[in-house]
Protein chains: 2
Amino acid sequence: MSLEKNADGGAARPVPARVEDVRRGNLVRVLAAIAQARTDPQRHPTRADVASLTGLTKASVSSLVAELADSGLVMESGATRDGERGRPGVGLKLSTNRGVVGMEINVDYISAGLLDLGGTLRADKTLECGNRGRSPESVMALLAGLVSEVASDAAAAGIEILGGGLAVPGLVETASGTVSSAPNLQWHNVALGLGGLLPDAPLGTALYNEANCAALAELWYGHGLDFRDYLFVSGEVGVGGGLVIGSRLFAGPHGQAGEVGHVVVDPSGPDCSCGGRGCLETFAGQEAIFAEAGIPAGTASARLEQLEERLGAGNTAATSAVARAGRYLGIAAASTARLMDLSAVVLGGHFTRMGPWIAPAVVRGLAEYAPGLVSPGRVAVSELGQSAALLGAAGSALRSVLAAPYSLAPAG
Amino acid sequence: MSLEKNADGGAARPVPARVEDVRRGNLVRVLAAIAQARTDPQRHPTRADVASLTGLTKASVSSLVAELADSGLVMESGATRDGERGRPGVGLKLSTNRGVVGMEINVDYISAGLLDLGGTLRADKTLECGNRGRSPESVMALLAGLVSEVASDAAAAGIEILGGGLAVPGLVETASGTVSSAPNLQWHNVALGLGGLLPDAPLGTALYNEANCAALAELWYGHGLDFRDYLFVSGEVGVGGGLVIGSRLFAGPHGQAGEVGHVVVDPSGPDCSCGGRGCLETFAGQEAIFAEAGIPAGTASARLEQLEERLGAGNTAATSAVARAGRYLGIAAASTARLMDLSAVVLGGHFTRMGPWIAPAVVRGLAEYAPGLVSPGRVAVSELGQSAALLGAAGSALRSVLAAPYSLAPAG
DNA sequence: GCATATAGTTCAGATTGAAAACTAATTCAT
DNA sequence: ATGAATTAGTTTTCAATCTGAACTATATGC
């Protein structure tokens, strides 16, 4: 569900199943059934609906819903009037006075947002600041300030914060809250003080990889509604990625899967910052595209602006630079699709802004190197903006609440 | 555990957890605890051991073990004498009078073997026959003959057959028992009549991909004891593969993951039979290696023999052909390791016979294209012989028994 | 107003594992 | 030998939980 490792392995864990575990499982099921309908705002399910959705009896559902309501996760939303005969049911929805905080640290900005359990973004704050080379302590202090603003907004709106998720552009160890390596921030093996961000949230704050968060945001709020399995490729300073398999993130055994930026696409290609050669990033990273397109040095956003302008004007150097990047993206996607049995590709990050020029090149690359595997209609461009990673981090936190409702105190 | 898809996706399964499901889960746990020690033949665990292994109470374990014994899956193996004080416990082991049948269809032979639940191969029959282009019906008839021989051996030894697994060299749909595409057999979209093979086995026969089976055999009987996560690359006529993540096979959303033979390792490489270009198979497939080494046409096994001879004699064309294949294997492994966060590679199939010459080249390729990701000690050569796929298919069937013990009738 | 239909609650019954008391079988010290 | 100590396994009681059936509550429609 969230960004946890999904490769468990161990057969006989030392924890046996007890009778109480049945209830835990059913609390999750009931919550999932109520959450499922949260996109359809008017028709909240009744207890009877939940019973037929889950296969539980009405009696059990009543008892389970009562417990979820006690812990503040679920609330009634007034009687449903359906014009049918019989006693009308009472609609159930995820509580709008509980929420989670999504956070993002990126090279040029930090941001924090408040998502209520219903999935509505209730607050959203961004602070532009150059973080490259800035000390982790200093960045975390700025972020803590932003978060406390969000927290007071939440308090003012009567929303209790249950947990949070932080996305950073680099390899992370989710379990220990450590950034192993974030080249663009120049951070290496940094243990972030996550405990300080949301001291009162019962579930604390989890650390995630930015590209993985963006891939999940795409799953929950973007093309994931169409695709269950896809490679998400995020163009940032480098090229990040996320693998979604069966509507779940594939994080790999150490949570560091999806590094499509370092798939080798040409064994005689240029040296890469990772120490290898011919990685996708050396062809489709920002620097490579700008250089190939002849865009002079400057800030990333200015250069991107300029590229977009030239693309629009039909400048040959620009279009062929982007087409070349797209072709190599197609090659990397072809290898990935073969390896992992994937059938769709979603382009995000700065690739979104090159969408009309880069997507056709990706389709051509795929057709040349893995014909028949990914149909043209299954190469999509993300429509989520800069907030994708934030949404993904918040969504992950939200889902970890929904996956473990029993860990919350009954009084809330 | 077995070859099922491990990407499940749906959070709320339609079947609710009932109190009885707790017992099902604990039956599996107890069985796993008993199975865990099956490699250590003398020291079978007692009920008390199982209790401490699983965290269940002795009372519960007694009851669960009684049920497993009733259904014939577990048997007592006499009192353990440990020289310690106190009442000696009674050793428990998986029943040796229940078993599963592993089967393999390959280009040059078919085979069938009987594995008892303890993991011992009790019978093993192979029939050399050229299957390329032979009709599926005809091959299945031959296989059925072989299986019935194995079945009568089993009956003679008092072994009841619970289920079976069949490995074929091609893409399969496990759920429907269909071979989507097996180029080397020239089979396409063939529904094999699996039901006829073991008509009396309660769990029937499942269909698996050969390279995946070999990867699992490696997991259970080979280097899997050292590595929890690895890419298995199987050299056959083509180049097949299997991905093991967290000691489980990663089969992908449609059960067709692991096709490392068609990872693009050189975008300007030769055309591939898959319709793409520069696939690993065009550099490391049998034909490519033989051609590069200057081995004249002939049967696959004769040419392989010849290659091995020349390698041993230090023939330059042969060693450099194999080194080239190894280098490209290293490139494909580098991309795979980055994408899926893997840290080991196991070479199998005919690569085993080139082991001393090809493994160092793979290590060099990895060091060049993904430095630091896979240490040299984690590039291994399989030591399982031709029976790897058979063992994997049987092991998968065995594990599907152990994963669903409650589906067997109590009387056995 | 009353039959009908649907929502939700209450209560007895069954399944299951935990905990504790109990029986069984063995070693060790005297 | 004999009894204390120790460990294995069983029996009994109890609490948690779901199911199913009976019941209450609230609506529609004739």
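Residues numbered from 1 in each chain as written. Chains lettered and ligands numbered in written order. Predicted model: local features only at pLDDT ≥ 70, side-chain atom pairs only at ≥ 80, totals over all residues. Heavy atoms only, no water.

**What to know about the overall build of chain A**
In terms of helices and strands, chain A carries eleven helices and 15 strands. Against the compact-globule benchmark of 22 Å for 412 residues, chain A has a radius of gyration of 23 Å, which places it among compact chains. Across its three principal directions, the C-alpha atoms of chain A cover 70 × 50 × 50 Å. In chain A, which comprises 412 residues, the share counted as buried stands at 55%. With 31 positive and 39 negative side-chain charges, chain A shows a separation of 7 Å between the mean positions of the two kinds. (Helix = DSSP H or I, 4+ residues; strand = E, 2+ residues; numbered from the N terminus. Rg over C-alpha atoms; globule rule 2.2 N^0.38 Å. Buried < 20%, exposed > 50% of the residue type's maximum accessible area, 1.4 Å probe, protein only. Lys, Arg positive; Asp, Glu negative; His and termini not counted. Charge placed at Lys NZ, Arg CZ, Asp CG, Glu CD.)

**As for the interface of chain A and chain B**
Listed per partner, the contact involves 59 residues of chain A and 61 residues of chain B. When chain A packs against chain B, close to 5,000 Å² is buried across both sides, 60% of that on carbon and sulfur atoms. Taken together, the links from chain A to chain B amount to two salt bridges. Taken together, chain A and chain B are joined by 18 residue pairs in polar contact (both at pLDDT 80 or more). Looking at the side of chain A that touches chain B, the elements that each hand over two or more residues are helix 1 (19-36), strand 12 (239-245), strand 13 (248-250), helix 9 (316-340) and helix 10 (355-369) of chain A. For the side of chain A that touches chain B, the element with the most residues is helix 9 of chain A, which contributes eight residues. Split by residue class, the side of chain A that touches chain B holds 30 nonpolar, 15 polar and 14 charged. (Contact = heavy atoms within 4.5 Å. Buried area = accessible area lost by both parts, 1.4 Å probe. Salt bridge = Lys/Arg side-chain N within 4 Å of Asp/Glu carboxyl O. Polar contact = N/O pair within 3.5 Å; in protein donor to acceptor, adjacent residues only side chain to side chain. Nonpolar A, V, L, I, M, F, W, Y, C, P; charged D, E, K, R; others polar.)

**Things to note about the domain arrangement of chain A**
Domain assignment breaks chain A into domain 1 (19-94), domain 2 (99-214 + 389-407) and domain 3 (226-383). Computed over C-alpha atoms, the centres of domain 1 of chain A and domain 3 of chain A are 43 Å apart. (Domains from an automatic or database assignment.)

**Regarding the protein's contact with DNA strand C**
The local shell around DNA strand C holds 30 residues, among which Lys-58, Ser-62, Arg-87 and Val-90 of chain A together with Arg-23 of chain B are the closest. A share of 73% of the atoms of DNA strand C within 4 Å of the protein falls on sugar and phosphate groups. Asn-26 of chain B places a polar side-chain atom, nitrogen or oxygen, 3.3 Å from a phosphate oxygen of DNA strand C. Thr-57 of chain B has a polar backbone atom sitting 3.3 Å from a phosphate oxygen of DNA strand C. (Near = heavy atom within 4 Å.)

**Quick notes on the sheet that holds strand 12 of chain A**
Residue and element names in this part refer to chain A. As summarised here, the arrangement of the five strands in space is 13-12-11-14-15, forming an open sheet in which the pairing is mixed. Whereas interior strands pair on both sides, the edge strands pair on one side only; in this sheet they are strand 13 and strand 15 (379-381). Each strand of the sheet is rotated relative to its neighbour by a mean of 30°, with strand direction disregarded. Pairing between strand 11 (residues 230-235) and strand 14 (residues 345-349): five bridges, direction parallel. Paired with Leu-231 across the bridge in strand 14 is Val-345. Helix 5 (residues 210-221) rests against strand 11, strand 12, strand 13 and strand 14 of the sheet, and its axis sits at about 125° to strand 11. Along the sheet, helix 10 makes contact with strand 14 and strand 15, crossing strand 15 at roughly 165°. (Pairing = 2+ DSSP bridges. Axes fitted to C-alpha atoms, helices over the stretch in contact; angles between N-to-C directions.)

**Topic: the confidence of the model for chain A**
When pLDDT is averaged along chain A, the result is 91; 94% of the residues meet or exceed 70. Ignoring residues within four places in sequence, the model shows residues 1-13 of chain A, a span with pLDDT below 50, making 36 contacts including any to other chains. (pLDDT = per-residue confidence, 0-100.)

**Digging into the protein's contact with DNA strand D**
In the neighbourhood of DNA strand D, 29 residues make up the surrounding shell, with Arg-23 of chain A together with Lys-58, Ser-62, Gly-86 and Val-90 of chain B lying closest. Per the 4 Å cut-off to the protein, sugar and phosphate atoms form 71% of the nearby atoms of DNA strand D. Take Lys-58 of chain B: an N or O atom from its side chain is 2.5 Å from a base nitrogen of DNA strand D. Within the residue set of the surface near DNA strand D, elements represented by two or more residues are helix 1 and helix 3 (58-70) of chain A together with helix 2 (47-54) and helix 3 (58-70) of chain B. Its residues placed into classes, the surface near DNA strand D shows eleven nonpolar, eight polar and ten charged.

**Observations concerning unusual backbone geometry**
All names here are of chain B. One non-glycine residue with positive phi stands out, namely Asn-189, at about 50°. With respect to the element layout, Asn-189 can be found in strand 9 (residues 187-191). With relative accessibility at 62%, the residue Asn-189 sits in the exposed group. A positive phi angle, close to 60°, is found at Ser-247, a residue other than glycine. Positionally, Ser-247 belongs in the loop between strand 12 (239-245) and strand 13 (248-250).

**Overview of the packing of aromatic side chains**
Evaluated as defined, the whole model comprises five aromatic pairs over all chains. A ring pair is formed by Phe-283 of chain B and Tyr-328 of chain B, whose centres lie 4.0 Å apart and whose planes are at 20°; its orientation type is stacked. Of this pair, Phe-283 of chain B sits in helix 6 (residues 281-284) while Tyr-328 of chain B sits in helix 9 (residues 316-340), placing them 45 residues apart in sequence. Among the residues examined, Phe-283 of chain B registers a relative accessible area of 5% and is labelled buried. A residue is classified by how much of its surface remains accessible, and Tyr-328 of chain B, at 10% relative accessible area, is buried. Lying across the ring of Tyr-328 of chain A, Arg-327 of chain A places its NZ or CZ 5.9 Å from the centre. Geometry around Trp-220 of chain A places Arg-399 of chain A over its ring, the cationic atom sitting 3.8 Å from the centre. (Phe/Tyr/Trp six-rings, centres within 6.5 Å; stacked < 30°, edge-to-face > 60°. Lys NZ or Arg CZ within 6 Å of the ring centre and 35° of its normal.)

**Some points on the nonpolar core**
Within the largest apolar cluster, 95 residues are counted, with the highest numbers of intra-cluster contacts made by Leu-307 and Phe-351 of chain A together with Leu-307 and Phe-351 of chain B. Filtering out sequence-adjacent residues up to four positions away, Leu-307 of chain B remains in contact with Ile-289, Phe-290, Ala-293, Ile-295, Ala-318, Val-322 and Met-354 of chain B. (Core = buried A, V, L, I, M, F, W, Y, C linked by side-chain atoms within 4.5 Å.)

**Remarks on the side chain of Glu-281 of chain B**
If you trace the backbone, Glu-281 of chain B turns up in helix 6. Arg-338 of chain A provides the closest opposite charge to the buried, salt-bridge-free Glu-281 of chain B, at an N-O distance of 9.0 Å. Looking at Glu-281 of chain B, its side chain comes within polar contact range of the main-chain nitrogen of Val-239 of chain B, at 3.0 Å. Setting aside chain neighbours within four positions, we find Glu-281 of chain B in contact with Gly-238, Val-239, Gly-261, His-262, Ser-273 and Ala-288 of chain B.

**Observations regarding the environment of Leu-347 of chain A**
Residue and element names in this part refer to chain A. Counting through the fold element by element, Leu-347 comes out in strand 14. The class for Leu-347 is buried, based on a relative accessible area of 0%. When the C-alpha atoms of Leu-347 and Gly-235 are compared, they prove to be 7.8 Å apart, with 112 residues separating the residues in sequence. Among residues more than four places away in sequence, those in contact with Leu-347 are Val-233, Leu-329, Thr-352, Ile-358, Ala-359, Val-362, Ala-380, Val-381 and Ser-382.

**Regarding the pattern of salt bridges**
Inspection of every chain in the model, using the stated rule, returns 26 salt bridges over all chains. For Glu-305 of chain A, the salt bridge identified is with Arg-353 of chain A, shortest N-O distance 3.6 Å. Here Arg-353 of chain A lies in the loop between strand 14 and helix 10 and Glu-305 of chain A lies in helix 8 (residues 300-312), a separation of 48 residues in the sequence. With a closest N to O distance of 2.8 Å, Arg-353 of chain B and Glu-308 of chain B form a salt bridge. You can see Arg-353 of chain B sitting in the loop between strand 14 (345-349) and helix 10 (355-369) and its partner Glu-308 of chain B sitting in helix 8 (residues 300-312), a full 45 residues away along the chain. By relative accessible area, which is 33% here, Arg-353 of chain B ends up partly exposed. Residue classification places Glu-308 of chain B among the partly exposed positions, given a relative accessible area of 29%. A single network of salt bridges, built from pairs that share partners, joins Lys-125, Glu-149 and Asp-153 of chain A.

**What to know about the side chain of Ser-382 of chain A**
With respect to the helices and strands, Ser-382 of chain A occurs in the loop between strand 15 and helix 11 (388-403). What Ser-382 of chain A contacts, discounting residues up to four positions off in sequence, is Glu-218, His-223, Phe-232, Val-346, Leu-347, Gly-348 and Thr-352 of chain A.

**Considerations on the environment of Ala-112 of chain A**
Residues and elements named next belong to chain A. Structurally, Ala-112 can be placed in strand 4 (residues 109-116). Judged by relative accessible area, Ala-112 falls into the buried class, the value being 0%. Measuring from C-alpha to C-alpha, the distance between Ala-112 and Val-147 comes to 6.1 Å, with 35 residues separating the pair along the chain. Dropping the residues within four chain positions of it, Ala-112 is found in contact with Gly-102, Met-103, Asp-124, Lys-125, Leu-146, Val-147, Val-150 and Leu-390.

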